[in-house]
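The primary structure of each chain is shown beneath.
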Amino acid sequence: MKRKPQHAELIEAALQGLQRTTGLAAQIIRWEPKTIDLDRHQPDAVIEIEVHGRKHKFAVEAKIGVRAELLIQTKALWPREQQPRLLFVAPYITNYLAEKCREIKLPFLDAAGNAYLEDDDLFVFVTGQKRNTDLAPVRTNRTDTTAGLRVLFAILCRPQLLNAPYRELATTAKVALGTIGPVIKDLETRKLIATFGTTLPKRRLLDAKVLLQEWVTFYPATLRPKLQPRRFRAQNREWAQQTNLTPFGAYWGGEVAADRLTHYLKPEMLTVYTLHNPTKLMTEFRLRADVNGDVEILNAFWDQTLITGTADVVPPILAYADLMTTTDARNFEAARLIYEQHIAPNLPTA
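S.K.: What should I look at first to understand the nonpolar core in this one?
M.R.: Among soluble globular proteins, nonpolar side chains are generally buried collectively. Among the nonpolar cores identified, the biggest contains 60 residues, and Trp215, Tyr219, Tyr273, Phe301, Trp302, Leu318 and Tyr320 are the most heavily contacted of them. Sorting the residues of this core by element identifies α4 (146-157), α5 (166-173), α6 (177-189), α7 (208-223), α9 (254-262), α11 (316-324) and α12 (329-343) as the ones contributing at least two each. Considering every element that reaches this core, the biggest residue donor is α7, with 9 residues. Aside from chain neighbours lying at most four places away, what touches Trp215 is Leu149, Leu152, Phe153, Leu156, Leu223, Phe301, Ile317, Leu318 and Ala321. If you look at the next biggest cluster of nonpolar residues, it comprises 25 residues, including Ile11, Trp31, Leu117 and Val124.

Next comes the structure, spelled out in C-alpha cells:
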C-alpha cells in the first residue's frame, strides 16, 4: 500500500476542522496524485467536497511553516488554469494571513477550522477560530535550524554525501561534526531518507522534492539573515554582465545567476555571495553603502566543492531560493526554468 505523505495527519485534521465549523464534509480522493502533470509542485492529495449535490475537487498543498511570502510563492507556482484548484493547508492561519489568501484567491484550510473556499458556486470564509490546543504540537525538525539547513543544502546539492563519512559532510556543510548525526536521525525518523544494509549501510533520499521545498521555505527566514546581508549601490549597473567574480572569491546569486543559467531574466537586483571580506570587490566596482541599493552582498555559507557548473554562479538550488524569496512574477518564471533545467534532472528518485 502506498504510504501517506508527510503531512497526512495535518490534512486530516484540517478536513475535520472544516466540518466542525461549516458542516461541510470532505473526503480524500487520493494521496500524492500522479495524474496531475505538475512535476515541480506535486500536491500532497486531492480532496472532494460535496455541496448541494455538486462535487468540488481541490489539490492539497500542506505546509508547516506559514508566511505571507510562502502563500504568494505557492500560488504563483500553480498554473492559473490547472485543475483541480489548489488548496493550501496549514496548522493555523491567522486573520492577517486569511485576508492575504482571500486577496490572492488562494483557498485554504487550517486545523482550527478557519477556511477560505471559492470555486464556481461555492464560497466559504471562516476566520477567528482559536488555535486548537488539543492538537499535538508541531515537532521542531533538526533541518530547520541554521546548521541543519547548511547540512540539508549540502545533501541536496550532492546527494552522495549521504554515504560519505560524517566528517566529510560536516566539512562540506561548514558545521560542527556533532551536527550531522542528529540531522540524519531526524531525516530517518520522518522517513525522508532510508538506510539499507548492516555491514556497510547505505542511505538513500526517499523524497528529495519535499526536502527541497523545506529548504526553500526555511532558508529566507532562518539561514539567510545570518549571512550578514548588506546593500550597496553600483555606479555602473552593467558590471554584472561583464564581470567574472571568481578572482574575488565570490559568486553571483539571485537574478544574475538566473540570467547566466537560463538566459531568460534581465537582472535588476544584483546578489553576490562572497567567501572573503568584500572590500576588494567594493573598491573595484565603486560600490557605496545604500540601504535601498540594487546590490546585495552576503557571506557564502557552503564549501567550494559544491560548485559544479558555471564557476562564479551559486549552486542552482540557492539561485532558485533567492528568486523564490521575492514576489516578482518574472523571478518565479526564472525559478521555474532553473528548477526544470538544473535541479529536477539531478534530484534522486526513491
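Picking up where we left off.
S.K.: Just to check I follow, could you spell out the packing of aromatic side chains for this structure?
M.R.: Aromatic rings in a pair are described by how distant their centres are and how their planes are angled relative to each other. Tallied over the entire structure, the rule returns 13 aromatic pairs. Geometrically, the ring pair formed by Phe153 and Trp302 is tilted, given 6.3 Å between the ring centres and 55 degrees between the ring planes. Of the two residues, Phe153 is situated in helix α4 and Trp302 in the loop between β14 (295-299) and α11; the sequence distance between them amounts to 149 residues. This pair shows no difference in class: Phe153 is buried, exactly as Trp302 is. Ring centres of Trp215 and Phe301 lie 6.4 Å apart, and the angle between their planes is 25 degrees; this geometry places the pair in the stacked category. Taken together, the residues span a long stretch of sequence, with Trp215 in helix α7 and Phe301 in the loop between β14 and α11 at a distance of 86 residues. Both residues of the pair, Trp215 and Phe301, count as buried. Members of the aromatic cluster, each reached through a chain of ring pairs, are Phe153, Trp215, Tyr219, Tyr251, Tyr273, Phe301 and Trp302. Here the guanidinium or amino end of Arg102 rests over the ring plane of Phe125, the centre of that ring lying 4.7 Å away.

S.K.: When you look at the sheet that holds strand β3 (residues 54-62) in this model, what are you seeing that I'm missing?
M.R.: Think of a sheet as strands paired side by side through backbone hydrogen bonds, with each pair either parallel or antiparallel. Strand order across the open sheet formed by 7 strands is β1-β2-β3-β4-β5-β6-β7, with mixed pairing between neighbours. The open sheet has two edge strands, β1 (26-31) and β7 (122-126), and neither has a second partner. For this sheet, the mean inter-axis angle between neighbouring strands, taken without regard to orientation, is 30 degrees. One ladder, built from 3 bridges, connects strand β4 (residues 85-90) with strand β5 (residues 108-110); its direction is parallel. Its bridge partner being in β5, Phe88 is matched across the sheet by Phe108.

S.K.: How should the packing of α9 against α11 be read in this particular structure?
M.R.: Contact geometry of α9 with α11 gives a least axis separation of 8 Å together with a crossing angle of 125 degrees. Classified by the angle between their axes, α9 and α11 sit oblique to one another. Crossing geometry of α9 relative to α11 is assigned as left-handed. Between α9, through Gly254, Glu255, Ala257, Ala258 and Leu261, and α11, the contact on the second element is made entirely by Pro316, Ala319, Asp322 and Leu323. Counted by class, the contact of α9 with α11 contains 6 nonpolar, 1 polar and 2 charged residues.

S.K.: What should I look at first to understand the pattern of salt bridges in this one?
M.R.: In a structure, side chains of opposite charge can pair up when their charged atoms sit close to one another. In this structure the tally under the stated criterion is 17 salt bridges. In this structure, Glu103 engages Lys100 in a salt bridge whose closest nitrogen and oxygen atoms are separated by 3.8 Å. Taken together, the residues Glu103 and Lys100, both in helix α3 (residues 95-104) and 3 residues apart, mark about one turn of the helix. On the basis of relative accessible area, Glu103 is assigned to the exposed category, the value being 59%. One salt-bridge network, in which partners are shared between bridges, spans Glu255, Glu268, Asp328 and Arg330.

S.K.: Just checking my understanding: could you explain the side chain of Asp290 for this structure?
M.R.: As for its placement among the helices and strands, Asp290 is situated in the loop between β13 (287-289) and β14. Asp290 sits in the buried class, given a relative accessible area of 17%. Apart from residues lying up to four places away in sequence, Asp290 is in contact with Arg231, Phe232 and Arg233.

Rules behind the numbers
- Residues numbered from 1 in each chain as written.
- Predicted model: local features only at pLDDT ≥ 70, side-chain atom pairs only at ≥ 80, totals over all residues.
- Heavy atoms only, no water.
- Core = buried A, V, L, I, M, F, W, Y, C linked by side-chain atoms within 4.5 Å.
- Buried < 20%, exposed > 50% of the residue type's maximum accessible area, 1.4 Å probe, protein only.
- Helix = DSSP H or I, 4+ residues; strand = E, 2+ residues; numbered from the N terminus.
- Contact = heavy atoms within 4.5 Å.
- Phe/Tyr/Trp six-rings, centres within 6.5 Å; stacked < 30°, edge-to-face > 60°.
- Lys NZ or Arg CZ within 6 Å of the ring centre and 35° of its normal.
- Pairing = 2+ DSSP bridges.
- Axes fitted to C-alpha atoms, helices over the stretch in contact; angles between N-to-C directions.
- Parallel < 35°, antiparallel > 145°, perpendicular 65-115°, else oblique.
- Left-handed = near helix turned anticlockwise from the far one by under 90°.
- Nonpolar A, V, L, I, M, F, W, Y, C, P; charged D, E, K, R; others polar.
- Salt bridge = Lys/Arg side-chain N within 4 Å of Asp/Glu carboxyl O.

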